[in-house]
Amino acid sequence: MASPESTINGPTKAAGADSKSLRNAFGGVIAFIILVLIGVLAFSIRLFSVIKYESVIHEFDPYFNYRVTQFLSKNGIYDFWNWFDDRTWYPLGRVIGGTVYPGLTLTAGTIWKVVNSLNIPLSVETVCVFTAPIFSAFASWAAYLLTKEVKGPGAGLTAAALLAMVPSYISRSVAGSYDNEAVAIFALVFTFYLYIKTLNTGSLFYATLNALAYFYMVCSWGGYTFIINLIPMHVLLCIVTGRYSSRLYIAYAPLVVLGTLLAALVPVVGFNAVLTSEHFASFLVFIIIHVVALAYYIKGILSPKMFKVAVTLVVSVGLAVCCAVIAILIAVVASSPTKGWSGRSLTLLDPTYASKYIPIIASVSEHQPPTWPSYFMDINVLAFLVPAGIIACFMPLSDSSSFVILYIVTSVYFSGVMVRLMLVLAPAACILSGIALSEAFNVLTRSIKFQLPGIAGNSTSEENGSSSVVAPSDVSKTEKTEEVAKEKPVKKNRKKEKENVEKKPTPSKTERRLLVLPLEASVIAVLLLVLLGAFYVVHCVWAAAEAYSAPSIVLTSQSNDGGLHVFDDFREAYSWLSHNTDVDDKVASWWDYGYQTTAMANRTVLVDNNTWNNTHIATVGTAMSSPEKQAWEIFHSLDVKYVLVVFGGLVGYPSDDINKFLWMVRIGGGEFPHIKEPDYLRDGQYRIDAQATPTMLNCLMYKLSYFRFVETDGKGFDRVRRTEIGKKHFKLTHFEEVFTTHHWMVRIYKLKPPRNRIRGKTKKSKSSVRRSVSSKRDVKGKRNPWH
Amino acid sequence: ISFIPYLFKRFQNFLPFPGRIERFTFYLLDYNLCFDKQVVYMAVVGSFPFNSFLSGVLSCIGTAVLAVCLRIQVNKDNKEFKDVAPERAFADFILCNLVLHLVIMNFLG
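None of the values given here were measured: they were computed from a predicted structure.

All names here are of chain B. When pLDDT is averaged along chain B, the result is 72, and 63% of the positions lie at 70 or above. Mean pLDDT per element in chain B: helix α1 (residues 3-14) is the minimum at 54, and helix α4 (residues 86-108) is the maximum at 83. Interface scoring of the predicted complex returns ipTM 0.79; its pTM is 0.80.

Turning next to the UniProt feature "transmembrane region" (unreviewed entry) in chain B. As recorded in UniProt, the feature "transmembrane region" (unreviewed entry) lies at residues 50-70 and 90-108 of chain B. Along residues 50-70 of chain B one finds 100% helix and 0% strand; the C-alpha atoms at either end are 30 Å apart.

The tendency in soluble globular proteins is for nonpolar side chains to be buried as a group. Residues and elements named next belong to chain A. The biggest cluster of nonpolar side chains holds 221 residues, and the ones touching the most others in it are Phe192, Phe635, Val643 and Phe735. The leading source of residues in this core is helix α23 (residues 422-451), at 15 residues. The contacts of Phe192, once residues within four sequence positions are left out, are Leu146, Phe226, Ile227, Leu230, Ile231, Phe403 and Tyr407. By size, the runner-up hydrophobic cluster in this structure holds nine residues, among which are Ala31, Ala137, Ala160 and Ala164.

Take the sheet that holds strand β13 (residues 746-751) of chain A next. Note on sheets: strands pair through backbone hydrogen bonds, and any given pair is parallel or antiparallel. All names here are of chain A. Spatially, five strands are ordered β6-β5-β7-β13-β12 in an open sheet, and the strand pairing comes out mixed. The sheet is open, and its two edges are formed by β6 (604-605) and β12 (735-740), each paired on a single side. With three bridges joining them, strand β5 (residues 586-588) and strand β7 (residues 640-646) adopt parallel strand pairing. Paired with Ala588 across the strands is Val643, a residue of β7.

As a further point, take α23(A). For α23(A), which comprises 30 residues, the first-to-last C-alpha distance of 42 Å matches the rise-based estimate of 44 Å (1.5 Å per residue) to within 8%. Burial analysis of α23(A) places 26 of its 30 residues in the buried class, the great majority of the element.

It is common to give the size of an interface as the accessible area lost on bringing the parts into contact. Across the contact, 34 residues belong to chain A and 33 residues belong to chain B. For the pair chain A and chain B, the summed buried area comes to about 3000 Å², and 80% of that belongs to carbon and sulfur atoms. Inspection of the region where chain A meets chain B yields zero salt bridges. Remark: the boundary between chain A and chain B carries one residue pair in polar contact (both at pLDDT 80 or more).

It is worth spelling out the pattern of salt bridges at this point. Residue and element names in this part refer to chain A. Going through the model one piece at a time under the given rule, you end up with 21 salt bridges over all chains. Notably, a salt bridge pairs Arg420 with Glu181, separated by 2.7 Å at the nearest N-O pair. Within this pair, whereas Arg420 is found in the loop between α22 (399-417) and α23, its partner Glu181 is found in helix α10 (residues 180-201), the two being separated by 239 residues in sequence. On the accessibility criterion, Glu181 (0% relative accessible area) is buried. Between Asp656 and Arg721 there is a salt bridge; the shortest N-O distance is 2.9 Å. Taken together, the residues span a long stretch of sequence, with Asp656 in the loop between β7 and α31 (661-671) and Arg721 in the loop between β10 (717-718) and β11 (723-724) at a distance of 65 residues. We note that Asp656, like Arg721, is buried. One salt-bridge network, held together by shared partners, links Arg172, Asp179, Glu181 and Arg420.

All names here are of chain A. Tallied over the full model, the rule gives 37 aromatic pairs over all chains. Aromatic pair Trp576 and Phe739: ring centres 5.1 Å apart, planes at 10°, arrangement stacked. In this pair, Trp576 sits in helix α27 (residues 569-580) while Phe739 sits in strand β12, placing the two residues 163 residues apart along the sequence. With centroids separated by 6.4 Å and ring planes inclined at 45°, the aromatic side chains of Trp590 and Trp591 adopt a geometry described as tilted. Since its relative accessible area comes to 2%, Trp590 is described here as buried. You can call Trp591 buried: its relative accessible area is 9%. Among the aromatic side chains, those forming a connected cluster through ring pairs are Phe647, Tyr702, Tyr706, Phe707, Phe709, Phe730, Trp744 and Tyr749. Lying over the aromatic face of Trp663, Arg666 brings its terminal NZ or CZ to 5.1 Å of the ring centre.

Annotation from UniProt places "domain: STT3/PglB/AglB core" (unreviewed entry) at residues 584-643 of chain A. In residues 584-643 of chain A, helix accounts for 50% and strand for 15%; the two terminal C-alpha atoms are 14 Å from one another.

The next subject is the pairing of β13(A). Remember that side chains alternate between the two faces of the sheet whenever the strand is regular. Residue and element names in this part refer to chain A. Counting buried positions over the six residues of β13 gives five, a clear majority of the element. Relative to β13, β12 runs antiparallel, the two sharing five bridges. Residue pairing for β13: Phe735 is matched across the bridge by Leu751. Connecting the antiparallel pair β12 and β13 is a turn made up of five residues, with Trp744 showing a positive phi of about 65°.

Bringing helix α11 (residues 204-220) of chain A into the picture now. Here α11(A) contains 17 residues, and its C-alpha end-to-end distance of 24 Å stays within 8% of the 24 Å for a straight helix at 1.5 Å per residue. When α11(A) is considered as a whole, its buried residues turn out to be A:Leu204, A:Ala207, A:Thr208, A:Asn210, A:Ala211, A:Ala213, A:Tyr214, A:Met217, A:Val218, A:Cys219 and A:Ser220. The inward-facing, buried residues of α11(A) abut α6 (103-117), α10, α12 (224-240) and α13 (246-265) of chain A together with α3 (50-74) and α4 of chain B. Capping the start of α11(A) is the job of one residue whose side-chain oxygen sits 3.1 Å from the backbone nitrogen of A:Phe205: A:Ser203.

Let us now look at the packing of α12(A) against α22(A). Residue and element names in this part refer to chain A. Two numbers describe how α12 lies on α22: the axes approach to 10 Å, and their chain directions differ by 130°. With respect to α22, the axis of α12 lies oblique. Crossing geometry of α12 relative to α22 is assigned as right-handed. For the pair α12 and α22, contact is made by Phe226, Leu230, Ile231, Met233, His234, Leu237 and Cys238 and by Asp399, Ser402, Phe403, Leu406, Tyr407, Thr410, Ser411 and Phe414, respectively. In the contact of α12 with α22, the residues fall into ten nonpolar, four polar and one charged.

What counts and what doesn't
- Residues numbered from 1 in each chain as written.
- Chains lettered and ligands numbered in written order.
- Predicted model: local features only at pLDDT ≥ 70, side-chain atom pairs only at ≥ 80, totals over all residues.
- Heavy atoms only, no water.
- pLDDT = per-residue confidence, 0-100.
- Helix = DSSP H or I, 4+ residues; strand = E, 2+ residues; numbered from the N terminus.
- UniProt positions renumbered as here; feature names shortened; annotations may be inferred.
- Core = buried A, V, L, I, M, F, W, Y, C linked by side-chain atoms within 4.5 Å.
- Buried < 20%, exposed > 50% of the residue type's maximum accessible area, 1.4 Å probe, protein only.
- Contact = heavy atoms within 4.5 Å.
- Pairing = 2+ DSSP bridges.
- Expected span 1.5 Å × (residues − 1).
- Buried area = accessible area lost by both parts, 1.4 Å probe.
- Salt bridge = Lys/Arg side-chain N within 4 Å of Asp/Glu carboxyl O.
- Polar contact = N/O pair within 3.5 Å; in protein donor to acceptor, adjacent residues only side chain to side chain.
- Phe/Tyr/Trp six-rings, centres within 6.5 Å; stacked < 30°, edge-to-face > 60°.
- Lys NZ or Arg CZ within 6 Å of the ring centre and 35° of its normal.
- Axes fitted to C-alpha atoms, helices over the stretch in contact; angles between N-to-C directions.
- Parallel < 35°, antiparallel > 145°, perpendicular 65-115°, else oblique.
- Left-handed = near helix turned anticlockwise from the far one by under 90°.
- Nonpolar A, V, L, I, M, F, W, Y, C, P; charged D, E, K, R; others polar.

What follows is the structure, given as structure tokens:
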């Protein structure tokens, strides 16, 4: 094993070096195997829904992405860039090429193309369903790389294992959840890894890769603004705490220039990359870092006395220029009503903004603030490992660990604003918990090793309640985490520290004593930590299997004899639509179902989940809240033929349109003042029983939901609202029912054609705000009341 | 005010850097001039087409920044980059410039 060399130091050192390299190699192989296993784990824990139900795409947004990917695979990339979709937002249409983040669809399209060119016949749907688990495996590997840069490979492996299983990430990347975040989290962690790597090595090569990874992130998700604001914040932090170095300049400056250019290349972002306030922070810090770099450079050239003179001169001039520039900037920014920020970003900064000004953003359930239990559900054990990780990052504090601390602090704040952003918190929590766990294991196993009989150690054992980490002997170079990264297995780390202890029996002022816990306490603590990990794993698997694997398009429940009863009403309705209506028929429904309708039923819809046009959604909301005749007129003016309503009263499905009705009223009332919310409220509540207001009992949503409902059980008992309905027997005058699914969950109505013959004179409308119409009527009756 | 000739004298002492470093200064000054010209042109003529203006301006800034990075890495007095061979630094610089100009040409329209 150790070949004897004729060096002056004798064979022991050579043997030590050889065994070290062998241990290095061994550790490397083990790390590789562990990483492969972590990847397999990340992939397979997300397959529960495929096993329990079928390989189907979940939720609402993924259907749109699936449809776009289908188009891309059929028509190629140039048509995709220039695609104008006329089957949604009728009659406005939507420019897909310019309003969609192309990263996810391009990735899946590429995978599909590559796989098919290798003659593996995977359909587009299969590729779409399994993209998310594959990229979550990549994300955990990226987390390994990132944490390895910050602390070392042991911490890296722990962080990767944690990220593979964390429920918050599983919830958005389960097999079938074909959404932007599936790819974006991988891009996020990878970009951060490359930034830290550039910071540590100072090489332009990694800076280029960093810019390219950032480009991929911009392509994938709107959350890229988080990166472009976090990195400048970190640079500022480094400058302010005196950690400026030329590596920081190399890490940051090319990223800003290349990154802005690349971001401007993506059509969704376009010129927003330089014009919106979300990016101004990066430019500001760009200028600041140039000033600081110049200051350092001049300081190196001049003598101290001259430097002071130069500084006063420059500062006075610079301050004047700075004030002028800032004044101009503030004037430009303040002139726009939203101060240059987009609506969603403003919601993050001021959580009450959306509920006051933009009800649509406030109505999305993902945009609500999370509750405390959801933190424990989503990141479980990590919630209290994170503070330990923060402390571990402080000893020693390096550029990279300060970055991770900043990342966790900002992501905790943002996750407190919106539930959806718990997803950004997940990687940070995993990284810090990985660091904490790895440091804890370091200390505990070192304690055990030193106190096992036969191992000589000068270390003193002290009673110590908390674990602490020994600083390496050359404290001056603690910033250089390159050295930590070069030591591969954790065992070697401990061996080096032990040698340090033996070399310096008297601890110097800059070195801490090697603290060791008593043997029994360490053993018990190791066992407890392993138990903690076991609880975490159990929770994650449970969450993945029970909580996050439901494709909301198919619902199940336990039937009386223990079997599984499947509610497949949505797909039933969509297939009815696609088989029994003309291709050009327009379907009106609430915006939740727009994507699914276009993707599965292949019919044109009025509004869909993109929610980019508030007025159009308000029109549909007004129609749903108006009496039958007005609603018919609104829909007729928009060429609508069918109206689709989701009703959960028969089976107890809580997310139906009656429960969403308050948003229809609010959004409609926001644009059209004749819809007043108090008209629908009785004692401040929306009610559908006998106590409901007449406006409520007459509105279209009520009538379409409860038409013939009393025939089911004779009393009209609504299982969701748990009351009997108010108006039980009524007829529809302007709509006719054409289809109701098996469990009455989706109900489709057709607009009755306008009457050919009008009895009597034309009547003036009874509604208060309507303008009086002229007495002349067309034979066809295509009056448009909105002109 | 006697500070200025003193500065100039000191600068002259520093100017005979190893030849490559000295050229950097003029390289950077040249790019600075190019950038200022573009901004003045935009202020005079108006910012349509915006993407061409943006790509032109950012290309100037970008190459200047990359040149600064290269200079940082190549400078022998810089102790943090002792173990990076200047050829490696130059190769990185070329790569980064390649990517930058590819993007610029794409964005130029």
